[in-house]
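Spelled out, the chains give:
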Amino acid sequence: MNFTLHIWRQKNSQTKGEFCTYQVDNIDSDTSFLEMLDQLNEQLIEKGEDCIVFDYDCREGICGACSLVINGHPHGEKKATTTCQLYMREYVEQTELWIEPFRAESFPVIKDVLTNRDAFDRIIQAGGYVSTNTGSAPDANSQLVNKNDADAAFDSATCIGCGACVAVCPNASASLFVSAKIAHLDRLPQGKVESDMRAKNMVRQMELEGFGSCSNHRHCEAVCPQEISISNITLMNSLC
Amino acid sequence: MHKLNSKTPTGDIEKRWDKHLFDLSLIAPQNRAKYNIIVIGTGLAGASLCATLGESGYNVQSFCFNDSPRRAHSIAAQGGINASKNYQNDGDSTHRLFYDTMKGGDFRARESNVYRLAQLSGNIIDQAVSQGVPFAREYSGYLANRSFGGAQVSRTFYARGQTGQQLLLGAYSAMSKEVASGKVKHHSRSEMQEVIIVDGKARGIVVRDLVSGKISAHTADCVVMCTGGYSNAFYLSTNAKGCNTSATWRAHKKGAFFANPSFTQIHPTCIPPTGENQSKLTLMSESLRNDGRIWAPKKIEDCTKDPREIVEEDRDYFLERMYPAFANLVPRDVASRAVKSICDEGRGIGTEINGEKLGVYLDFSSIIECIGEDKVRAKYGNLFDMYERISGENPYQLPMKIYPAPHYTMGGLWVDYNLMTTINGLFAAGEANFSEHGANRLGASALMQGLADGYFIAPRTVANYLAKNKLEPVDLNHPNVIQAIDDTKERINKLMNAPEPKHSPDYYHKKVGRILWGACGMSREREALKSAIEEIKALQIDFWQNVKVTGVENDMNQTLERAGRVADFIELGHLMCRDALEREESCGCHARLEYLASDGEAKRDDENFAYVAAWEYSQKGTILNKEQLNFEFVKPSVRDYT
């Protein structure tokens, strides 16, 4: 397969960026999207040029490091999939690809298509935890948890913190990310105790970081690689 | 030869850790704020350690190369975490978990350490549940367990196929609490370059800011490395792309002994590679072996057929045939070697690469028939989805294709019972150290060890070190600090300006990976190892002469990051082969073809090789030190899984 790639190149957060066009040929259909970019970077090294910088790590859809907006879609069009788990066989029809960073004021571009998502860490620091210290825990089975509650908590806890929900939202709201953590802990007796304070503190931090508010576009839910439901946002709002 | 002192306590094994805890010196709460500790890496060991030290009142500086602590590769662990809670009343106990771990490791681990790990396993589950880790539960509300990786008891706790993610997020949230309290100062996108040693003690590190390229020194009272394993030496592995040996290797070159580097675990159930440009391999959780049946066609001519067209009598369920008692649940090393032998016979299936078909089937049709697709989906849904995303095939209809891949490294920095390396004040925790798994790690034991080290062991032993040593602050202008910065800059300069730049870092990484996979992978043999050692030496010279790094050093430059890591993998690869050559026996993962029983099982030589190989770096040639292993509480037996 052959592709024409228009890739966002930007030197740093202070300079303006632009699309640069590259050609990659003879790509095997079982090649992953990021492996295709690896091959482009190998070509750039051969030519003596600076490589395209992008975030990646586990390449199995769980670490949340990879990002990219591909032809207008965060993590590409494929449902419930991160960029690292896209394969070029999905792109038989689209041989011209536009590759951009996640765009949001609170995720400034560091270089090329790589952004700074530290704001998410600071939101977790504002309250995304149970205030338990090491060594103080009672026996794990001393507090029973209804299976449905545990399963629902897991569904929220599965968030990988990639930020696609922010990138797709017209308001650049982080509501899905924030509410997933709030809901995860609210649904368990261990987390319930601090729920109100946690929700207020995390939402306040989200606003301080410059993320917008939710106005029910529901694009976040559609784009989320972990299929986290916007019902989490309803729960968050009820706690705030 | 250096005299290795493991500082292992004596007496009843059940009481050793308690006795040791009492003997360790304490620091009073009001004095803890006077101490500074550096923690490198934020996986399970690092994040749990940062949280615990912060809660106790110490000042912690933490560093990771990712953009957030939550990205550490612990996040990808799927299957579960062991604990000898005996909630299922099936005869589990601390002693049984201890024994199973010793036996699984083929009697190449230290008894005292392994017993302590088993003792602490239950506390880890308590801690995680209190943090809100959503483990699987029964309808009764009690925690669910499953049997995992050949264990004959159900002691594995799990959170669907994302146990590592949930445990890491638990540790990360606990760490975040301490970042908020100000006790932990965290630095993301920061890679350790050198350890700073003053008066024989680790007193800091040199770090490269991966965004600006700026080099800076950070000093403290001691340093803990929680930097994970080195499976990426093989290039293709199940590890995240960024996982590397650089922190441990550079510590090794400053005096930390590297133990058992050839003890690398090959995981039997990974998705086979499909082409030359593949960048990593993905593991399919071992839990799938509980219900999936592994087979290959009996006849070579069937290997290209649709598997559904191969009738039952033409299928070879080879693990069931070879190991009737444990069948599909034999330990990882045994299963991996069996799969390899089938493919070596020419009975592999799947994409042909370089004239070989490397794959066998993992088939769920029996269990789907037995309990129905819905129940199978409830158990393994996310794993099946993941397989389909990667392979493009539906495992509910077609059997999965699997092949072994490098996954975990039992080897690592040598540590004593206090998790301290041979450099005073330099500790290593989690996969970065060699400790508990001997020559082979059991499934669901990596998460257990990382968290035992981080939550319960290192916080106590680090405090003891600080209490016992009088440490004056180290000035940033100290000559050893300046020297470490200069060494770092010189090294980067060399990488940026090779005399005849020709090939990318990945080119060299693939080369060293191929050499290691061939000579130091699932089976090892004297002559192959000897020639691999020579090849790696030549590759090292080639690398420093011809590596091509584009861009500049004082900017974000992932090519430069990779080049630095590959340079270290090449040197480590050399030592892996030397270690494998030196160990003239087979044990656990280490299958020396010259020392295998006729059924393919490892033939240990306890008389001559019941030791930990601890390698001491020297520019004149690395020296082998031996820590003899004594077995007082378990009798080394022949691992027999037939």
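Here is what the cut-offs are and how they apply
- Residues numbered from 1 in each chain as written.
- Chains lettered and ligands numbered in written order.
- Predicted model: local features only at pLDDT ≥ 70, side-chain atom pairs only at ≥ 80, totals over all residues.
- Heavy atoms only, no water.
- Buried < 20%, exposed > 50% of the residue type's maximum accessible area, 1.4 Å probe, protein only.
- Helix = DSSP H or I, 4+ residues; strand = E, 2+ residues; numbered from the N terminus.
- Pairing = 2+ DSSP bridges.
- Core = buried A, V, L, I, M, F, W, Y, C linked by side-chain atoms within 4.5 Å.
- Contact = heavy atoms within 4.5 Å.
- Axes fitted to C-alpha atoms, helices over the stretch in contact; angles between N-to-C directions.
- Parallel < 35°, antiparallel > 145°, perpendicular 65-115°, else oblique.
- Nonpolar A, V, L, I, M, F, W, Y, C, P; charged D, E, K, R; others polar.
- Buried area = accessible area lost by both parts, 1.4 Å probe.
- Salt bridge = Lys/Arg side-chain N within 4 Å of Asp/Glu carboxyl O.
- Domains from an automatic or database assignment.

Some details on the pairing of strand E8 (residues 215–219) of chain B
Residues and elements named next belong to chain B.
- With four of five residues buried, E8 lies mostly within the body of the structure.
- Pairing geometry for strand E7 (residues 201–209) and E8, over five bridges, is antiparallel. Looking at the pairing, Val 207 lines up with Ser 216 of E8.
- As consecutive antiparallel partners, E7 and E8 are separated by five residues, and within that stretch Gly 213 has a phi angle of approximately 80°, a positive value.

Here we look at the nonpolar core
- Of all hydrophobic cores here, the largest spans 190 residues; its most connected members are Val 178 of chain A together with Ile 81, Phe 135 and Leu 466 of chain B.
- Among residues more than four places away in sequence, those in contact with Ile 81 of chain B are Ile 124, Ile 125, Phe 135, Arg 155, Thr 156, Phe 157, Thr 163, Leu 167, Ala 444, Leu 447, Met 448 and Leu 451 of chain B.
- With 36 residues, the next largest nonpolar core counts Tyr 87 of chain A together with Tyr 323, Tyr 387 and Met 400 of chain B among its residues.

Thoughts on the packing of helix H4 (residues 111–131) of chain B against helix H11 (residues 446–468) of chain B
Residue and element names in this part refer to chain B.
- Remark: H4 packs on H11, axes separated minimally by 9 Å, with the N-to-C direction vectors making an angle of 80°. Accordingly, the angle class assigned to the pair H4 and H11 is roughly perpendicular. For the pair H4 and H11, contact is made by Arg 116, Leu 117, Leu 120, Ser 121, Asn 123, Ile 124, Gln 127 and Gln 131 and by Met 448, Gln 449, Leu 451, Ala 452, Tyr 455, Phe 456 and Ile 457, respectively.
- The class makeup of the residues in the contact of H4 with H11 is nine nonpolar, five polar and one charged.

Things to note about the sheet that holds strand E1 (residues 3–9) of chain A
- Read across the open sheet, the five strands follow the order E2-E1-E5-E3-E4 (chain A); overall the sheet is mixed. Here the strands that pair on one side only, and so sit at the sheet edges, are strand E2 (18–24) and strand E4 (73–74) of chain A.

Topic: the interface of chain B and chain A
- Facing the 76 residues of chain B at the interface are 76 residues of chain A.
- Between chain B and chain A the total buried area reaches about 6,200 Å² when both faces are included, carbon and sulfur atoms providing 49% of it.
- Interface area lost by chain B to chain A is led by Arg 71, Arg 137 and Arg 389 of chain B, which between them contribute 11%.
- The interface formed by chain B and chain A holds seven salt bridges in total.

Quick word on the environment of Thr 163 of chain B
Residues and elements named next belong to chain B.
- Position of Thr 163 among the secondary structure elements: in helix H5 (residues 163–181).
- Of the residues examined, Thr 163 reaches a relative accessible area of 1% and is grouped as buried.
- The sequence separation of Thr 163 and Gly 450 amounts to 287 residues, and the corresponding C-alpha distance is 13 Å.
- Discounting chain neighbours no more than four positions away, the residues touching Thr 163 are Ala 77, Gln 78, Gly 79, Gly 80, Ile 81, Phe 135, Phe 157, Tyr 158 and Leu 447.

Notes on the domain arrangement of chain B
Residue and element names in this part refer to chain B.
- The domain architecture assigned to chain B consists of domain 1 (268–405) and domain 2 (484–608).
- Between the C-alpha centres of domain 1 and domain 2 the distance comes to 30 Å.
- Of the residues lining the interface, 11 residues belong to domain 1; the matching set on domain 2 comes to 11 residues.
- When the two sides are added together, the surface that domain 1 and domain 2 hide from each other amounts to roughly 810 Å², 53% of it contributed by carbon and sulfur.
- Interface area lost by domain 1 to domain 2 is led by Asp 333, Arg 337 and Lys 340, which between them contribute 53%.
- At the junction of domain 1 and domain 2, the tally comes to zero salt bridges.
- Every element with two or more residues in the side of domain 1 that touches domain 2 is listed here: helix H8 (332–344) and strand E17 (400–409).
- A per-element tally of the side of domain 1 that touches domain 2 places H8 first, with five residues.

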